[in-house]
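Structural overview for review
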Amino acid sequence: MPSPSSNGDTATRSPARADTETAGATAIAVRGLAKDFAGTRALDGIDLDIRPGELLALLGPSGSGKTTLLRAIAGLEPLSAGTVHFGGEDATALRVQDRKVGFVFQHYALFRHMSVADNIAYGLAVRPRALRPPRAEIRRRVEDLLELVQLPGIGQRFPGQLSGGQRQRVALARALAVEPRVLLLDEPFGALDAQVRKDLRRWLRDIHHRTGHTTVFVTHDQEEAVELADRVAILNRGRLEQVGSPDDVLDRPANAFVAGFVGQAVRLDVTVADGVVRAGGIGLGPAPAGATSGPAALFLRSGDVSVVAAGAGTTTGTVTANTRSAASRRLEIRLADDLPQIEAEVPLDRAVARSETVALTIRTGRLFPLVG
């Protein structure tokens, strides 16, 4: 059975922070964070440590509180309870501009009447005179940032002359211009089409490797979260369900919510008895070591279900659909009329007909006892 621990701690993937992270180091510490909107609790006692140089994804369904948490870290939302620390500094009462965060909005929030260069320079140009860099230094920083985001030579253009992907790069350059200690992104690719999103994911990961900023981004896209993030924080109804590496949340979900939310799993209500997992009286396979007897929820992904030679499986099912994906065929399989259909993948050269009965081997690892 999956570990009940909510904090996976496998090695993360960002070399940018490998030299700076020390044991126990924390860039952002959130403690007891709560936020109420008109009597509705949007955040409910959030405790979260974000490591120096880490790229952390906030993932959850709509209304889970992920954007509210990001805005609370930025200082854009007053708190109902709790504290936010940057390093050793209590930032809870600091104004947004004093927290030294860079914030990138989903819809860019660029000034249309300003050139690209002026947009990027804005955070520097509005500083008090004593803190404002010289104009030559601002121009140099803008040029360097345009190089960094792979948009050299477009400083005199206006936002309306750019594609959506280019505008998002300019928005990130503007956030980086003020040399933030924390970079926060709210669904940064949500307004872009699928191919541009994929291109910008790779680009953002590369930027993160080169700059090493502590970065927190909100997304509702699971693929985006596991592809980009060092760790993923999963929220549900204002509470933190699990924090872990992509491998942790996919392979070792902390609870039934995470198992059902991440990885496109199908839930089967099952019973564990005599070391066997059964659904509607059908034996699916052996129960994991240490599984508690009684009712449970089993979460199956296509990779948990294998089509095997006749007579070699633990159960059988009827193929109801056979669709082509890029590198395989995806089967929808009915175990019984009163059970949800499950999925399996087979090689392209495996001929499986609709309505064919197939033998199956089912991995029963994502099993959670039902309590109450």
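Residues numbered from 1 in each chain as written. Predicted model: local features only at pLDDT ≥ 70, side-chain atom pairs only at ≥ 80, totals over all residues. Heavy atoms only, no water.

Considerations on the overall build of the chain
In plain terms, the rule: Secondary structure elements are taken from DSSP: a helix is a run of H or I of four residues or more, a strand is a run of E of two residues or more, and numbering for both begins at the N terminus. Note on classification: 1.4 Å probe, protein chains only; a residue is buried when its accessible area is under 20% of the maximum for its type, exposed when over 50%, partly exposed between these limits. Contacts between residues were defined by any pair of non-hydrogen atoms, one from each residue, lying within 4.5 Å. All accessible-area figures derive from a Shrake-Rupley calculation using a 1.4 Å probe, and residue coverage is judged against the displayed protein chains alone. All tallies of charge rest on Lys and Arg as positive and Asp and Glu as negative; His and the ends of each chain are not included. Charged side chains are reduced to one point each, which is NZ for Lys, CZ for Arg, CG for Asp and CD for Glu.
When helices and strands are counted, the chain shows eight helices and 20 strands. Counting only C-alpha atoms and orienting by the principal axes, one finds that the chain spans roughly 80 × 45 × 45 Å. In the chain, which comprises 372 residues, the proportion classed as buried is 47%. When contacts within the chain are restricted to residue pairs at least 6 apart in sequence, those whose partners lie at least 24 apart make up 69%. Split by element, the accessible area of the chain, about 17,500 Å² in all, is 49% carbon and sulfur. One way to put it: in the chain the 45 positive side-chain charges average out to a point 5 Å from where the 42 negative ones average out.

Here's the deal with the pairing of strand β9 (residues 231-236)
In plain terms, the rule: Paired strands are those between which DSSP finds at least two bridges.
In terms of residue burial, β9 counts as a mostly covered element, since six of its six residues are buried. Pairing of β9 with strand β10 (residues 239-244), which is carried by five bridges, proceeds in the antiparallel orientation. By the bridge assignment for β10, Asn236 is matched with Arg239. In textbook terms, the turn of a hairpin is the stretch between consecutive antiparallel strands, and for β9 and β10 this stretch comprises two residues, one of which, Arg237, has a positive phi near 55°.

Describing the packing of aromatic side chains
Note the following rule: Side-chain rings of Phe, Tyr and Trp, where Trp is taken by its six-membered ring, are said to pair if the distance between their centres is within 6.5 Å; with planes under 30 degrees apart they count as stacked, over 60 as edge-to-face, and otherwise as tilted.
As enumerated under the stated definition, the model contains four aromatic pairs in all. Each ring, one from Phe257 and one from Phe261, has its centre 5.5 Å from the other, and the planes form 10°; the classification is stacked. Taken as a pair, Phe257 and Phe261 lie in helix α8 (residues 256-261) at a separation of four residues, close to a single helical turn. Overall, the relative accessible area of 24% leaves Phe257 in the partly exposed class. Measuring from centroid to centroid gives 6.2 Å for Phe299 and Phe368, while their planes differ by 70°, and the two rings are edge-to-face. Linking Phe299 in strand β14 (residues 294-300) with Phe368 in strand β20 (residues 367-369), this pair joins segments that are 69 residues apart in sequence. The exposure class assigned to Phe299 is buried, which follows from its relative accessible area of 4%. Residue class for Phe368 comes out buried when judged on its relative accessible area of 9%.

Observations concerning the sheet that holds strand β15 (residues 305-308)
Condition: Where helices are involved, their axes are fitted lines through C-alpha atoms of the stretch in contact, as for all axes, and angles between N-to-C directions lie from 0 to 180°.
Across the sheet, five strands lie side by side as β15-β19-β16-β17-β18; this open sheet has antiparallel pairing. One side of each edge strand has no neighbouring strand; the edge strands of this open sheet are β15 and β18 (342-346). With direction set aside, neighbouring strand axes in the sheet form an average angle of 50°. Sheet topology places β15 next to strand β19 (residues 357-362); four bridges connect them, and they run antiparallel. Residue Val305 lies in a different strand from β19, and its bridge partner there is Ile362.

Some points on the side chain of Arg231
What counts is decided by this rule: A 3.5 Å cut-off defines polar contacts: any pair of N or O atoms within that distance qualifies, except that in protein one atom must be a possible hydrogen donor and the other a possible acceptor, and neighbouring residues in sequence count only when both atoms are side-chain atoms.
Tracing the sequence through the fold places Arg231 in strand β9. A polar contact is formed between the side chain of Arg231 and the side chain of Glu54, at a distance of 2.4 Å.

Looking at helix α3 (residues 135-148)
Rules: To estimate the expected span of a helix, subtract one from its residue number and multiply by 1.5 Å. Throughout, the arc means the angular range of directions from the helix axis out to the C-beta atoms.
A rise of 1.5 Å per residue sets the reference length of α3, with its 14 residues, at 20 Å; its end C-alpha atoms lie 20 Å apart and thus fit the reference within 8%. Of all the positions in α3, only Ile138, Arg141, Val142, Leu145, Leu146 and Leu148 are classed as buried. All buried residues of α3 lie within an arc of 155° about the axis, which places them on one face of the element. For α3, exposure combined with an orientation more than 90 degrees from the buried face picks out Arg139, Glu143 and Glu147. For α3, the secondary structure elements touched by its buried residues are α2 (116-125), α4 (164-177) and α5 (194-211). Once α3 finishes, Gln150 follows within two positions and takes phi at roughly 60°, a positive value.

Thoughts on a positive patch on the surface
Applicable threshold: Patch construction takes residues with relative accessible area above 30% that form no salt bridge. Like charges are linked within 9 Å, and nonpolar side chains (Val, Leu, Ile, Met, Phe, Trp, Tyr) are linked within 5 Å. Counted as salt bridges are all cases of a side-chain nitrogen of Lys or Arg within 4 Å of a carboxyl oxygen of Asp or Glu.
On the surface, Arg129, Arg132, Arg135 and Arg139 cluster together to form a positively charged patch. Mapped onto the secondary structure, Arg139 falls in helix α3.

Structural notes on the pattern of salt bridges
In the structure shown here, the tally under the stated rule is 27 salt bridges. Between Arg231 and Glu54 there is a salt bridge, and its shortest N-O distance comes to 2.4 Å. Here the residue Arg231 occupies a position in strand β9, and Glu54 occupies one in the loop between β2 (40-50) and β3 (55-59), the gap between them amounting to 177 residues. Judged by relative accessible area, which is 6%, Arg231 ranks as buried.

Notes on the sheet that holds strand β7 (residues 182-186)
On the basis of which strands lie adjacent, the open sheet formed by six strands has the order β6-β7-β8-β3-β9-β10 and mixed pairing. Whereas interior strands pair on both sides, the edge strands pair on one side only; in this sheet they are β6 (101-104) and β10. Here the average twist between neighbouring strands, direction ignored, is 15°. By the bridge criterion, four bridges tie β3 to β9 in an arrangement that is parallel. Opposite Leu58, over in β9, you have Ala233 as the bridge partner. Across the sheet, helix α1 (residues 66-74) lies against β3, β6, β7, β8 (214-219) and β9, angled at about 150° from β7, the strand it touches most. Packed onto the sheet, α4 meets β6 and β7 and runs at close to 165° relative to β6.

So yeah, pure geometry; function would need other evidence.
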